[in-house]
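Single-letter residue listing:
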Amino acid sequence: MADQQYDLVIIGSGPGGYVAGIRAGQLGMNVAVVEKDPQVGGTCLLRGCIPTKALLENADIWHKIQKSKEFGITVGDAKLDFAAVQTRKQGVVNANVKGIEFLFRKNKVERIAGFAKVVDRNTVDVDGKQLKAKNIILAMGSVPKDLPHIKADGKRIINSDHILELKDVPKSMLVIGAGAVGCEFASIFARFGTKVTIVEVMPLLLPIEDEEISKEFTRVFKKQGVDVFTDAKVLSCEVGENGVKSVIETKGKQQTIETELVLSATGRRAVTENCGLEKTKVKVERGMVQVDPFMRTGEPGIYAIGDIVPTPALAHVASAEGILAVEHMKGLDVRPLNYDHVPNCTYTDPEVASVGLTEKKAKERGYDVKTGKFAFTANAKAKILGETAGFVKFVSEKKYDEVLGVHIVGPRATELIVEGCAALELEATTESIARTIHAHPTLSEALMEAAEDVLGHSIHQ
Ligand SMILES: Cc1cc2nc3c(=O)[nH]c(=O)nc-3n(C[C@H](O)[C@H](O)[C@H](O)COP(=O)(O)OP(=O)(O)OC[C@H]3O[C@@H](n4cnc5c(N)ncnc54)[C@H](O)[C@@H]3O)c2cc1C
């Protein structure tokens, strides 16, 4: 039988691969997406963004019920049915899987089940069947990575894949790592009633955020009853009958903490091995595929996108890179992505979101920086919601008043940040944001007032 011919074969159906597939279909390309998992969607849909946000929504509703008396509503005998929580989460995931399958059919994207390996620049092997392609996109994504001295066993020491399958809410849990993944699971389970301890090697939780934002987030998280250890390391975890004994070192002092579970949320490893890349000119350095600004690897015709390349490991970045790669191979007039304009969101309580440069980074790049802030305590809508912790911070430069970064900790930060994204993309000045009429009463007024604060005339503080 003759080999099958494609314009494009994509390996992996995460937000990088499936979006690239749809864009290729829209452009009339004969495209196939190869996926080894039984379902399409990758980490984001099956084990990442979507199931975690579904659980966070449950935690939010549960938390609101707990404080419903503040709103004059008495709820009798509220019960948390964790099995039903998990079923709903799976329902949300499955509905989105069906959505991708529908979009594949609509855009004539062929889905091929199996494990793909690159044979050469024009050939992909899928479990012994050869596919011929003019172009290939590598989009194999990433998997959880263990610490060298703490290996996940899937029972007592778990990772972000295992925790999504829990049958019960644990009584206590130690979270190692306070990046977005660790903090989101801490926020889910702390609100479900788990006694959560979180350990972070850096001085603050969410350490990549602007320092003032991380400080405020750390303060609020502690106030909510999460035990926070920063500047701290987990030296060892000893698994016993009923739990895990972990030795933590903070500023030279050691202590032992016993918890039912340990969640290791210390990072991810790009999937680049066993894919035949060693037979090609695709360059892999420190586990990451090296690409140029148009996502081309060292092998002509082969592109790479998403978590396997050294750009921010986020779903929206993977998708944008997928679209860029496809449009570039099609010969469209495209621009490289501006990674300074990538929003970073953490869907905890309170939420954290940012785009652009932190104050520190802006100074390091030599900008003459001015900043402005506005606290949600002074925002009417935040008071209505009963969620007044946090603030908005603008980072701008003095000479042209250009907005360089927007940083938010507080209610709906992950939705509000889009105004910052648009400001950066449109090269807005702080004054143009301050002069933009924002609807009242909305949380978005906090952005307007933070911009006004840069100019020294915020009205409500
Ligand atoms: C708990 C958690 C929460 C997250 N939350 C967010 C969030 O809220 N927002 C956000 O932007 N990002 C979030 N992320 C990150 C996001 O999930 C990833 O950045 C994104 O999924 C990367 O997309 P990708 O397409 O590069 O790879 P992936 O989504 O990892 O998909 C890769 C796919 O390739 C398949 N594959 C691998 N090798 C082969 C092969 N040889 N043959 C066939 N198929 C193969 C895999 O099975 C997989 O389906 C989260 C991650 C985690 C773990």
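Bear in mind that the values here come from a model prediction, so they are computed numbers and not experimental data. (Residues numbered from 1 in each chain as written. Predicted model: local features only at pLDDT ≥ 70, side-chain atom pairs only at ≥ 80, totals over all residues. Heavy atoms only, no water.)

(A) Summary view of the overall build of the chain. From N to C terminus, the chain includes 13 helices and 24 strands. With the C-alpha coordinates of the chain rotated into their principal frame, the extents come out at 70 × 65 × 50 Å. Counting the 461 residues in the chain, one finds 52% classified as buried. For the chain, contacts bridging at least 24 residues in sequence account for 63% of all contacts bridging at least 6. (Helix = DSSP H or I, 4+ residues; strand = E, 2+ residues; numbered from the N terminus. Buried < 20%, exposed > 50% of the residue type's maximum accessible area, 1.4 Å probe, protein only. Contact = heavy atoms within 4.5 Å.)

(B) Highlighting helix α1 (residues 17-26). Buried residues dominate α1, accounting for 8 of its 10 residues. Along α1, the residues classified as buried are Gly17, Val19, Ala20, Gly21, Ile22, Arg23, Ala24 and Gly25. Buried residues belonging to α1 abut β1 (4-11), β2 (31-35), α4 (82-106), β3 (109-113), β6 (129-138) and α8 (315-329). Among the residues trailing α1, Gly28 stands out with phi positive, at a value near 80 degrees.

(C) Representation of the pattern of salt bridges within the structure. Under the criterion given, the structure shown has 26 salt bridges. Between Asp77 and Lys79 there is a salt bridge, with the nearest N and O atoms lying 3.3 Å from each other. For the pair shown, Asp77 and Lys79 are each scored as exposed. Here Arg412 ties to Glu387 by a salt bridge, and the two come within 3.9 Å at their closest N and O atoms. Of this pair, Arg412 sits in the loop between β24 (403-410) and α11 (413-425) while Glu387 sits in the loop between α10 (380-385) and β23 (391-397), and the two are 25 residues apart along the sequence. A residue is classified by how much of its surface remains accessible, and Arg412, at 36% relative accessible area, is partly exposed. Through salt bridges that share partners, Asp210, Glu212, Glu359, Lys363, Lys373 and Lys393 make up one connected network. (Salt bridge = Lys/Arg side-chain N within 4 Å of Asp/Glu carboxyl O.)

(D) Quick look at the side chain of Glu351. Relative to the helices and strands, Glu351 resides in strand β21 (residues 351-356). Put simply, Glu351 is tucked away with no salt bridge, and the nearest opposite charge, on Arg412, sits 6.5 Å away. Separated by 3.1 Å, the side chain of Glu351 and the backbone nitrogen of Ala413 make a polar contact. Among the polar contacts listed, one links the side chain of Glu351 to the side chain of Thr414, at a separation of 2.8 Å. With residues up to four places along the chain from it excluded, the contact list for Glu351 reads Thr346, Ile408, Val409, Gly410, Arg412, Ala413 and Thr414. (Lys, Arg positive; Asp, Glu negative; His and termini not counted. Polar contact = N/O pair within 3.5 Å; in protein donor to acceptor, adjacent residues only side chain to side chain.)

(E) Molecular detail of the nonpolar core. Among the nonpolar cores identified, the biggest contains 53 residues, and Leu8, Ile137 and Leu138 are the most heavily contacted of them. Dropping the residues within four chain positions of it, Leu8 is found in contact with Ala24, Met29, Asn30, Val31, Ala32, Ala133, Asn135, Ile136, Ile137, Val326 and Met329. Grouped together as the second largest cluster of nonpolar side chains are 34 residues, Leu56, Cys183, Phe221 and Val409 included. (Core = buried A, V, L, I, M, F, W, Y, C linked by side-chain atoms within 4.5 Å.)

(F) Inspection of the environment of Ser142 at higher detail. Structurally, Ser142 can be placed in strand β7 (residues 142-144). Ser142 sits in the buried class, given a relative accessible area of 6%. A sequence separation of 165 residues divides Ser142 from Asp307, and the C-alpha atoms of the two residues are 5.8 Å apart. With residues near it in sequence (within four places) discarded, Ser142 still touches Thr43, Arg268, Arg269, Ala270, Val271 and Asp307.

(G) Spotlight on the packing of aromatic side chains. Enumeration according to the criterion identifies 4 aromatic pairs in this entry. Relative to Phe192, the ring of Phe189 lies with its centre 6.1 Å away and its plane at 80 degrees, an arrangement referred to as edge-to-face. Residue Phe189 and its partner Phe192 are both found in helix α6 (residues 180-192); the two are separated by 3 residues, about one turn of the helix. The exposure classification of Phe189 matches that of Phe192, with both residues buried. Chaining the aromatic ring pairs together yields one cluster made of Phe82, Phe189 and Phe192. In this structure, Lys373 is placed above the aromatic ring of Phe391, and the distance from its NZ or CZ to the ring centre is 5.1 Å. (Phe/Tyr/Trp six-rings, centres within 6.5 Å; stacked < 30°, edge-to-face > 60°. Lys NZ or Arg CZ within 6 Å of the ring centre and 35° of its normal.)

(H) Representation of unusual backbone geometry in the model. The amide bond that connects Asp349 to the next residue, Pro350, takes the cis arrangement and shows omega of 0 degrees. Tracing the chain through its elements places Pro350 in the loop between β20 (344-346) and β21. Although it is not a glycine, Lys108 adopts a positive phi angle of roughly 55 degrees. Inspection of the secondary structure assignment puts Lys108 in the loop between α4 and β3. Not every positive phi belongs to a glycine, and Asp231 is a case in point at roughly 50 degrees. Along the polypeptide, Asp231 turns up in the loop between β11 (227-229) and β12 (232-239). Using a relative accessible area of 35% as the deciding quantity, one classes Asp231 as partly exposed.

(I) How the structure looks around the sheet that holds β11. Taken in spatial order, the 5 strands line up as β8-β15-β9-β10-β11 in an open sheet, and their pairing is parallel. Only two strands of the sheet have a single partner each, and these edge strands are β8 (157-158) and β11. With 5 bridges connecting them, strand β9 (residues 172-176) and strand β10 (residues 195-199) associate as parallel partners. Paired with Met173 across the strands is Val196, a residue of β10. (Pairing = 2+ DSSP bridges.)

(J) Looking closely at the site of the ligand. In the region of the ligand, 37 residues are neighbours, and Glu35, Thr43, Lys53, Asp307 and Ala315 sit closest. Here an oxygen atom of the ligand sits 2.7 Å away from a polar atom, N or O, in the side chain of Glu35. A distance of 2.6 Å is found between an oxygen atom of the ligand and a side-chain nitrogen or oxygen belonging to Thr43. Burial of the ligand by the protein amounts to 95% of the accessible area it has alone, namely 1000 Å². By residue number, the principal contributor to the shell around the ligand is helix α2 (residues 42-47), which donates 4 residues. Of the residues belonging to the shell around the ligand, the class tally is 16 nonpolar, 14 polar and 7 charged. (Near = heavy atom within 4 Å. Areas by Shrake-Rupley, 256 points an atom, 1.4 Å probe, with all protein chains shown as cover. Nonpolar A, V, L, I, M, F, W, Y, C, P; charged D, E, K, R; others polar.)

No statement about biological role is implied by the geometric values presented.
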